[in-house]
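One letter stands for each residue in the lines below.
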Amino acid sequence: MSSLSRELVFLILQFLDEEKFKETVHKLEQESGFFFNMKHFEDQVQAGEWDEVERYLCGFTKVEDNRYSMKIFFEIRKQKYLEALDRQDRAKAVEILVKDLKVFASFNEELFKEITQLLTLDNFRQNEQLSKYGDTKSARNIMLVELKKLIEANPLFRDKLTFPAFKSSRLRTLINQSLNWQHQLCKNPRPNPDIKTLFTDHSCSPTTNGARPLPPTNGPLVGPIPKAGVFPPIGAHGPFQPAVSPSSGAIAGWMLSGNPSLPHAAAVAAGPPVLVQHSNAAAFLKHPRTPLGMPGMDYQSADSEHLMKRIRAGQSDEVSFSGIAHTPNIYSQDDLPKTVMRALNQGSNVMSMDFHPQQQTILLVGTNVGDISLWEVGSRERLAHKSFKIWDISAASMPLQSALLNDAVISVNRCVWAPDGLMLGVAFSKHIVQIYQYNPMGELRQHLEIDAHVGGVNDIAFSHPNKQLCIVTCGDDKMIKVWDTVAGRRHYTFEGHEAPVYSVCPHYKENIQFVFSTAIDGKIKAWLYDCFGSRVDYDAPGLWCTTMAYSADGTRLFSCGTSKDGESYLVEWNESEGAIRRTYSGFRKRSLGVVQFDTTRNRFLVAGDEFQIKFWDMDNITMLTAVDADGGLPASPRLRFNKEGSLLAVTTSDNGIKILANSDGSRLIRMLESRAVDKSRGPSEPVNSKPLIVNALGPVGNAAIAPALERPDRVPPALSISSLGTMDSSRLVDVKPRISDDTDRTKCWRIPDIIDPSHLKVLRLPDAITAGKVVRLLYTNSGLALLALASNAVHKLWKWQRSERSPLGKASAYVAPQLWQPPSGTPMTNDISNIKPAEESAACIALSKNDSYVMSASGGKVSLFNMMTFKVMTTFMSPPPAATFLAFHPQDNNIIAIGMEDSTIQIYNVRVDEVKTKLKGHQNRITGLAFSQTLNSLVSSGADTQLCVWSIDGWERKKSRFIQAPAGRQSPLAGETRVQFHNDQTHLLIVHESQIAIYDSKLECVRSWSPKDSLSAPISSAIYSCDGSLIYAGFCDGAVGVFDSDNLRLRCRIAASAYIPSFSVSSNSAYAVVIAAHPSERNQIALGMSDGAVHVVEPSDVAPSQDNGSIPSSSSNLP
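Just so you know, these numbers come straight off a predicted model, no measurement behind them. (Residues numbered from 1 in each chain as written. Predicted model: local features only at pLDDT ≥ 70, side-chain atom pairs only at ≥ 80, totals over all residues. Heavy atoms only, no water.)

S.K.: In this structure, what is going on with the overall build of the protein chain? I would like to understand it.
M.R.: A tally of helices and strands in the protein chain yields 11 helices and 57 strands. Here the protein chain holds 1119 residues, and 58% of them are scored as buried. (Helix = DSSP H or I, 4+ residues; strand = E, 2+ residues; numbered from the N terminus. Buried < 20%, exposed > 50% of the residue type's maximum accessible area, 1.4 Å probe, protein only.)

Set out below in structure tokens:
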């Protein structure tokens, strides 16, 4: 085949892919043998479509071609054989053995015999070489890694793994160029030729009076060649249609059909949506037309009952047809809100924000624990706070009730104001939306609660179809729904997405109301308020999570999104063509999370990326500037302008919000601040002097909500237990139930010396078999269970059950949990080294962010357990050396930092079972690891008492030092040293038997405390409370100390006699080997004891929060 013919095949492959002829694409790839589509191959392998896998491979190689090919086919057939054995399908296994695997017997007879013998085993994992075989999914993934290496090394695949680089829709462009050329050669060129076929050359018919009209001077045929990717696609029998320039009165979107009699159901808009004002606005317009008086050509398709193919929008980098002229933006850098004016501490991860449309300093905030707050950012006053609860549980649907029973954790996905500011809506991660009425005094009143979607409600917006205020929602059930705001009745349901709907963007032009929607498969659709389906089907850049927004004047449409690979895109759309007008540059190559954006003043765009706030001029693709807001931002901060663009709210990594301002915003805030001081608020002020309504769930330091749909932006930033926060005097702190200011934050530990058990609420967790001391203890991220690892390598899991006394099932000292056992009765037990007993080995454990998996080691191999089944998913890292500490990478759960007994740190990729790098710098075993996203660093500590800081990017060591010996102690120190990051991600808690200390990011000791007076025994363990305000420390005599984290002042000493029944100093030597802090209850800790017991401890003067649902037996008056 000639080179040009080969290139033509690639053009056809591209065309078929853009037109969604997926099966035909892969069939042509296989038959031509020109391009091996690795993604298609991977998908088929992961789906277990073995016949299709081999059929596709046979287009490129055969079993006998070479040793690489033989190995590829062998691995595939072996996996197929093992899967048949695993599901106990012996007949199928024998068939595979005879038909597929016997061909390899002539090359390796011994191997074939060994494979045959697997039929005699009850479980093929009894074979030593297959003992590591996990589940089917993980086995396929592991095999894929090997297959990819073999394919890349196979010379038959050389030059077939990369698709040639050329612009999208190239075949369309060539055809359009041909049409242009034919039209220029036409004897009677007409300005609006009627091209109905590609089967014959184009020729314009002469005009009726014989005159030869002049060719159009700026039509698409004689001007620059438009990128064909922006054209409406070919209809069932129709030809290409070019994108045309609408008149200034036309609206990008849908255009009215000249033949309204055609059935609506028979048409899907071929091109981008264009709307024009019409007496029948709801009528569906079949295809775009060139407005009267406008130059340009409209290749009209013949009327057809067939569905028109969907368009795949591409970037219009060759020509841009604009329906509306935008004057260049004139600005100065002072117009950008870059100065930090306020820092507010919400206390839990902020998921959504929205400024009031009229009251410029009122900020609505929704969090990952389901609560919402109203802040007056000028005076730093929180006007209202509402914790999540179902208003009427009796009216809740069974799916909703079931979802809450299965998982009580619920998050705000979106909160938004109505256009008039008298109402606000909140979309939650499970089923429901809640609508509140708001008055200017800051009061919120319950208005509507709607069980809107099955699964999460991913977005909510307000719109005015038919001049009636409505709510538009979208959800995991792939639907968009429209509700009235009076009684919550559903008016419309839009169906057509094939994946969960991620966002909605209602808008109107020339009295035509419509809604854009995006789904997590990257599809953008548009809907009129009728029942005739989507008018538009585009592909968003990145093909994953995308949000859309109009400029303030409603004339320009933007979208921002991130691909699954971390590629982020901020673009402006040319609505008339369904094409991208411009793509803005300046994003990190791989964004850490889904990038969020906003627009303001018809001038600026802003996005959160790379721990910064990045600004663009709408008319310039180059980034204007970036600011870090004095540090402390997460990787992809959420942000929101107020309506005037003078203030910008941005989330911080310590569960807070920073308010940035320009000169106008600064004046506004100073004015409100002075009024607040003078207590002279006028009636028009949006500030309320009512008492603070406090947070009923409290801050969540290390809770991370599992992304049901892998949407990282819906997931709070993953924070370890060590990620806790510092408060500064300028912040209004968020607090726990019944605690309304800083003075009261720690009143629960106001008794300086607790000796009597009556001053504590203590629960010893039930355990029929107590064997070995508890060496590791942690709460699950949801706060619903406790996981302990004993010195005998056995794990124990206690779960709090939902009940009338504890409807949410959160951990509590007032309700006894159950010691959970899997159906098999076999506990999770770590692999044990043959060299050293488990009791003498260093144990380590780490829990995944969604509580689904736990990684653990007790001197032997590292084991990955499924928390639901207690089954071992895989083991790795055989000793020696043994693993001594584990920490998940904050951005990638597949990457684990593993501290080793030989003083090294191994950066290990679980997915590919490969050590990426090995860090050396310590002189003794590793005893602590902590990641900081803010510093982009890993901090390690060892039994040599040395601290090391490593860069996450290149894993080079940036700094190291030994901890300072306290007065009276000989230097250098030795022994286990633990590290834990503060919520600000810059300060470190250092724990050694001789001290607890706070170090800054430069490893300088800020403050320290050493055992003395009533707490003179060596320190056994220490940890921050979930909000970072306290430090709990255990001592080897059984005592527990409660310290203020900001100054390390001892607030309270808890004697062992207060929580250990019948404690006797002479006869009882039990002490807390490890302390765990509850992820959302500041005053609750769990103690893992040297005698194997586990105690949950709370102060008796603080009843559990109502949201916990746990009620002290003595408090019958509580609900």
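S.K.: When you look at the side chain of T600 in this model, what are you seeing that I'm missing?
M.R.: In this fold, T600 is placed in strand β22 (residues 597-600). Excluding its chain neighbours within four sequence positions, the residues that come into contact with T600 are M618, F641, N642, K643, E644 and G645. (Contact = heavy atoms within 4.5 Å.)

S.K.: When you look at the packing of aromatic side chains in this model, what are you seeing that I'm missing?
M.R.: Centre-to-centre distance and the angle between the planes together describe a pair of aromatic rings. Using the criterion set out here, one finds 28 aromatic pairs in the structure. Here F36 and F41 contribute two aromatic rings whose centre-to-centre distance is 5.3 Å and whose plane-to-plane angle is 50 degrees, an arrangement assigned as tilted. Both residues of the pair, F36 and F41, count as buried. Each ring, one from F124 and one from Y133, has its centre 4.9 Å from the other, and the planes form 80 degrees; the classification is edge-to-face. Chaining the aromatic ring pairs together yields one cluster made of F10, F34, F35, F163 and F166. For the cation-ring pair, R67 lies above Y68, with the distance from its terminal atom to the ring centre recorded as 4.4 Å. Positioned above the aromatic ring of W820, the side-chain terminus of K799 is 4.5 Å from the ring centre. (Phe/Tyr/Trp six-rings, centres within 6.5 Å; stacked < 30°, edge-to-face > 60°. Lys NZ or Arg CZ within 6 Å of the ring centre and 35° of its normal.)

S.K.: Can you walk me through the sheet that holds strand β46 (residues 957-962) in this structure?
M.R.: The strands making up a sheet associate through backbone hydrogen bonding, with each pair oriented either parallel or antiparallel. Spatially, β43-β44-β45-β46 is the arrangement adopted by the four strands of the open sheet, whose pairing is antiparallel. Of all strands in the sheet, those bounded by a partner on one side alone are β43 (926-932) and β46. Pairs of neighbouring strands in the sheet enclose a mean axial angle of 15 degrees, with direction left out of account. Sheet topology note: the β43/strand β44 (residues 937-942) ladder contains six bridges and is antiparallel. In the strand pairing of β44, S932 is matched with S937. (Pairing = 2+ DSSP bridges. Axes fitted to C-alpha atoms, helices over the stretch in contact; angles between N-to-C directions.)

S.K.: For this particular structure, what's the right way to read the pattern of salt bridges?
M.R.: Summed over the entire model, instances satisfying the criterion amount to 42 salt bridges. A salt bridge links E75 to K71; its shortest N-O distance comes to 2.7 Å. Separated by four residues within a single helix, E75 and K71 lie in helix α5 (residues 67-86), roughly one turn from each other. Residue E75 is classed as buried on the basis of its relative accessible area of 9%. The exposure class of K71 is partly exposed, given its relative accessible area of 33%. Its salt-bridge partner being D619, residue R556 comes within 2.9 Å of it at the nearest N-O pair. Placement of the pair is R556 in the loop between β18 (545-550) and β19 (557-562) and D619 in the loop between β24 (612-617) and β25 (623-627), with a sequence separation of 63 residues. (Salt bridge = Lys/Arg side-chain N within 4 Å of Asp/Glu carboxyl O.)

S.K.: Explanation requested: the sheet that holds strand β3 (residues 362-367) in the structure shown.
M.R.: Read from one edge of the open sheet, four strands run β2-β3-β4-β5, paired in antiparallel fashion. With partners counted over all chains shown, the strands left at the sheet margins are β2 (350-355) and β5 (381-386), one partner each. Between one strand and the next, the sheet's axes are offset by a mean angle of 20 degrees, whatever the strand orientation. As defined by bridge partners, β3 adjoins strand β4 (residues 372-376) across five bridges and the pair is classed as antiparallel. By the bridge assignment for β4, L363 is matched with W375.

S.K.: Is there a simple way to think about helix α3 (residues 38-47) in this case?
M.R.: Since one α-helical turn is 3.6 residues long, residues separated by three or four positions face the same way. Where α3 is concerned, the buried positions are M38, H40, F41, E42, Q44 and V45. Elements in contact with the buried residues of α3: α2 (22-32), α4 (50-57), α5 and α8 (136-153). You can read the cap of α3 off the contacts: a side-chain oxygen lies 3.2 Å from the backbone nitrogen of K39, and it is on N37. Immediately beyond the C-terminal end of α3, within one or two residues, lies G48, with a positive phi of roughly 75 degrees. (Polar contact = N/O pair within 3.5 Å; in protein donor to acceptor, adjacent residues only side chain to side chain.)

S.K.: Quick question: what am I supposed to make of helix α1 (residues 3-18) here?
M.R.: Compared with the 22 Å implied by 1.5 Å per residue over 16 residues, the 23 Å span of α1 between its first and last C-alpha is a close match. Considered for burial, the residues of α1 that qualify are V9, F10, L11, L13, Q14, F15, L16 and E18. Of the surrounding elements, those touching the buried residues of α1 are α2 and α9 (170-184). Directly beyond the C-terminal end of α1, a positive phi value near 70 degrees is found at K20. (Expected span 1.5 Å × (residues − 1).)

S.K.: Would you take a moment to explain the nonpolar core for this structure?
M.R.: Within soluble globular proteins, side chains that are nonpolar generally end up buried alongside one another. By size, the foremost hydrophobic cluster in this structure holds 38 residues, and its most contacted members are F36, F41, L57, I76, Y81, L82 and L101. At the level of secondary structure, the elements contributing two or more residues to this core comprise α3, α4, α5, α6 (90-101), α7 (109-117) and α8. For this core, the leading source of residues is α5, giving nine residues. F36 has contacts with F41, Y56, L57, F60, I151, F157, K160 and L161, leaving out every residue within four places of it along the chain. (Core = buried A, V, L, I, M, F, W, Y, C linked by side-chain atoms within 4.5 Å.)

S.K.: Can you walk me through the pairing of strand β56 (residues 1085-1089) in this structure?
M.R.: Judged by how many residues are buried, β56 sits mostly within the fold: five of five residues are covered. Side chains I1085, L1087 and M1089 of β56 all project onto a buried face; the interleaved residues A1086 and G1088 project onto the opposite face, where all are buried too. In this structure, strand β55 (residues 1072-1077) lies alongside β56, joined through five bridges in antiparallel fashion. Considered in β56, the bridge of A1077 is made with I1085. Looking at chain direction, β56 and strand β57 (residues 1094-1099) are connected through four bridges and run antiparallel. Bridge assignment links A1086 to a residue of β57, and that residue is V1096. Between β56 and β57, which pair antiparallel and follow one another directly, the connecting turn spans four residues, one of which, G1092, has a positive phi of 95 degrees.

S.K.: What is the right way to read the environment of D1091 from this model?
M.R.: Summarising the element assignment, D1091 is placed in the loop between β56 and β57. When its relative accessible area of 36% is taken as the criterion, D1091 is described as partly exposed. Between the C-alpha atoms of D1091 and S1069, which are 22 residues apart in sequence, the distance is 8.5 Å.

S.K.: I'm lost on the side chain of K525 in this one. Help?
M.R.: With respect to the secondary-structure elements, K525 resides in strand β16 (residues 523-528). Judged by its relative accessible area of 7%, K525 is buried. In this structure the side chain of K525 is engaged in a polar contact, spanning 3.1 Å, whose partner is the side chain of D537.

S.K.: When you look at the packing of α4 against α5 in this model, what are you seeing that I'm missing?
M.R.: How two helices pack is summed up by the angle between their axes together with the distance between the axes. Close contact between α4 and α5 brings their axes to 11 Å; oriented N to C, the two are set at 175 degrees. In terms of orientation, α4 lies roughly antiparallel with respect to α5. The segment α4 lies against α5, with W50, V53, E54 and L57 engaging I72, F73, I76, R77, Q79, K80 and E83. Classifying every residue of the contact of α4 with α5 gives six nonpolar, one polar and four charged. (Parallel < 35°, antiparallel > 145°, perpendicular 65-115°, else oblique. Nonpolar A, V, L, I, M, F, W, Y, C, P; charged D, E, K, R; others polar.)

S.K.: Explanation requested: the environment of M868 in the structure shown.
M.R.: The residue M868 is located in the loop between β37 (862-866) and β38 (872-876) in this model. As a C-alpha pair, M868 and Q821 span 47 residues in sequence and 9.8 Å in three-dimensional space.

S.K.: Please explain the packing of α1 against α2 as it appears in this structure.
M.R.: For the pair α1 and α2, interaxial distance at closest approach is 8 Å and the crossing angle is 160 degrees. Between α1 and α2, the interaxial angle falls into the category roughly antiparallel. The handedness of the crossing between α1 and α2 is left-handed. Packed against α1, whose contacting residues are V9, I12, L13, L16 and D17, the element α2 presents K22, T24, V25, L28, E29 and S32 at the interface. Residue composition of the contact of α1 with α2, grouped by class: six nonpolar, two polar and three charged. (Left-handed = near helix turned anticlockwise from the far one by under 90°.)

S.K.: Where do I start with the confidence of the model for the protein chain in this structure?
M.R.: Note: predicted coordinates in regions of low pLDDT should not be interpreted at a detailed level. Taken over all residues, the pLDDT of the protein chain has a mean of 78, while the share at 70 or more is 77%. Note that pLDDT drops below 50 for residues 715-747; the model gives that stretch 118 contacts with residues more than four away or on any other chain. (pLDDT = per-residue confidence, 0-100.)

S.K.: I keep staring at the environment of R170 and nothing clicks. Help me out?
M.R.: Counting through the fold element by element, R170 comes out in helix α9. Take R170: its relative accessible area is 32%, and that puts it in the partly exposed class. Residues in contact with R170, not counting those within four places in the same chain, are L11, Q14 and Q177.

S.K.: Would you mind going over unusual backbone geometry with me for this structure?
M.R.: With the exception of glycine, the majority of residues adopt a negative phi angle, and the majority of peptide bonds are in the trans configuration. Residue P880 follows P879 across a cis peptide bond; omega there is -10 degrees. Relative to the elements of secondary structure, P880 occurs in the loop between β38 and β39 (883-888). Phi is positive for E610, which is not a glycine, with a value near 60 degrees. Following the sequence through the fold, E610 ends up in the loop between β23 (604-609) and β24.

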